[in-house]
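Single-letter residue listing:
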Amino acid sequence: MKHAQRQVIIAGNWKMNKTSQEASVLADKILSKITTDKNQPEIVLIPPFTSLPTVSAKLAGKPVKLGAQNMDWHDEGAYTGEISPLMLLDFKVQYILIGHSERRQFFGETNATTNLRLKAALAHGLLPILCVGELLDEREADLTDAVVGRQVGAALTDIDPALFAKVTIAYEPVWAIGTGNICEAAAANRVCGVIRKTVSALYARYGGNGNNFDAATMPILYGGSVKANNVVEQLKQEHIDGSLVGGASLNAEEFLAIIQAAGERVKRNLVAPAR
Ligand code: PGA
């Protein structure tokens, strides 16, 4: 299958796991096997906030990027318990998860706040990974495309089209996260195709035509129970350019095997355009 030239990304979301000492051990294990192979995907480690300093120091000079799991949209102020984009930049964070379903489900995040976070991330030069996905009952009611379309549309509302090229979207069906119940590859691919079309339409709506972006080049990741033994099938799909990995990213061997599997996808792409 021919893929448009898109960046292939493997991102490991450690969620609320690992003390900084444990994070240090995990980062060392992963980094010990990372080379500068040209077929390597873009690799992103996303530890909890408290481990950002430790992991950041380890990534210096390494072909691995640092991400954070969430951030507030204000630069500073009376927002107890929140972390600002400037605080993340302090630790050389480059990627930021926006609107992960656990934030939406357990911490009251809405489509409107994903939009605010996305705008703030882009304003500060962070690369957002916008997470979207339907709940099981939405899927069963055949509402997947409507829900995902709404999430993408809301998050990208009034985003400068010149910045669309900085955005990555992760399709993460909520029922597949942490359940071992991966979304079948062709079904995931179909939804990722819907996302690509939606982005393309939004880009045109915001006057982006003739600008520097083509939705065919936007990296779209799949997330939800990705493991080394199921990632290959996912990455054969036309619209799936990488993986957002939760549980399996906490195991260095498993995560490295996923990275290796993604190398095949990179080869088919020939190049990973820099952003
Ligand atoms: P999982 O989590 O790989 O443990 O299913 C994915 C995610 O939440 O990003």
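Scroll up for the structure.
Residues numbered from 1 in each chain as written. Predicted model: local features only at pLDDT ≥ 70, side-chain atom pairs only at ≥ 80, totals over all residues. Heavy atoms only, no water.

Enquirer: Provide a residue-level description of the overall build of the protein chain, including the pertinent values.
Expert: Across its full length, the protein chain carries 10 helices and 8 strands. A compact globule built from 275 residues would reach a C-alpha radius of gyration of about 19 Å, and the protein chain, at 17 Å, matches this within 12%. The principal-axis extent of the C-alpha atoms belonging to the protein chain is close to 50 × 45 × 40 Å. Expressed as a percentage of the 275 residues in the protein chain, the buried residues total 53%. Put simply, of all contacts in the protein chain between residues at least 6 apart along the chain, 74% involve residues at least 24 apart. (Helix = DSSP H or I, 4+ residues; strand = E, 2+ residues; numbered from the N terminus. Rg over C-alpha atoms; globule rule 2.2 N^0.38 Å. Buried < 20%, exposed > 50% of the residue type's maximum accessible area, 1.4 Å probe, protein only. Contact = heavy atoms within 4.5 Å.)

Enquirer: An account of the environment of Ile 195 is requested, with residue identities and associated values reported.
Expert: Looking at the secondary structure, you find Ile 195 in helix α8 (residues 185–205). Not counting residues within four places of it along the chain, the set of residues in contact with Ile 195 comprises Val 132, Val 148, Val 152, Ile 169, Tyr 171 and Ile 220.

Enquirer: Residues and numbers for the sheet that holds strand β5 (residues 127–132), please.
Expert: Pairing within the closed barrel is parallel, and its 8 strands lie in the order β1-β2-β3-β4-β5-β6-β7-β8. Strand-to-strand twist across the sheet, computed as the mean angle between neighbouring axes with direction ignored, equals 25°. Examined bridge by bridge, β5 and strand β6 (residues 168–171) share 4 bridges and lie parallel to one another. The residue of β6 that forms the bridge with Val 132 is Tyr 171. Helix-sheet contacts for α8 involve β5, β6 and β7 (220–223), and the interaxial angle to β6 is about 145°. (Pairing = 2+ DSSP bridges. Axes fitted to C-alpha atoms, helices over the stretch in contact; angles between N-to-C directions.)

Enquirer: I'd love a proper account of the packing of helix α7 (residues 144–155) against α8, names of residues and values included.
Expert: Packing of α7 against α8 leaves a shortest axis separation of 10 Å and a crossing angle of 40°. In terms of axis orientation, α7 runs oblique to α8. Considering the relative orientation of α7 and α8, their crossing is right-handed. Between α7 and α8, the contacting residues are Thr 144, Asp 145, Val 148, Gly 149, Val 152 and Gly 153 on the first element and Arg 190, Val 191, Val 194, Ile 195, Thr 198, Val 199 and Leu 202 on the second. Residue composition of the contact of α7 with α8, by class: 7 nonpolar, 4 polar and 2 charged. (Parallel < 35°, antiparallel > 145°, perpendicular 65-115°, else oblique. Left-handed = near helix turned anticlockwise from the far one by under 90°. Nonpolar A, V, L, I, M, F, W, Y, C, P; charged D, E, K, R; others polar.)

Enquirer: Lay out the pairing of strand β3 (residues 65–68) in plain terms, naming residues and giving numbers.
Expert: Examined bridge by bridge, strand β2 (residues 42–46) and β3 share 2 bridges and lie parallel to one another. The residue of β3 that forms the bridge with Val 44 is Lys 65. Taken together, β2, helix α2 (residues 52–59) and β3 constitute a β-α-β crossover, and its handedness is right-handed. Pairing analysis gives 2 bridges linking β3 to strand β4 (residues 95–98), with the strands arranged parallel. Pairing of Ala 68 across the sheet is with Ile 96, part of β4. (Right-handed = clockwise from strand over helix to strand, strands pointing away.)

Function-wise, these values are silent; they only describe arrangement.
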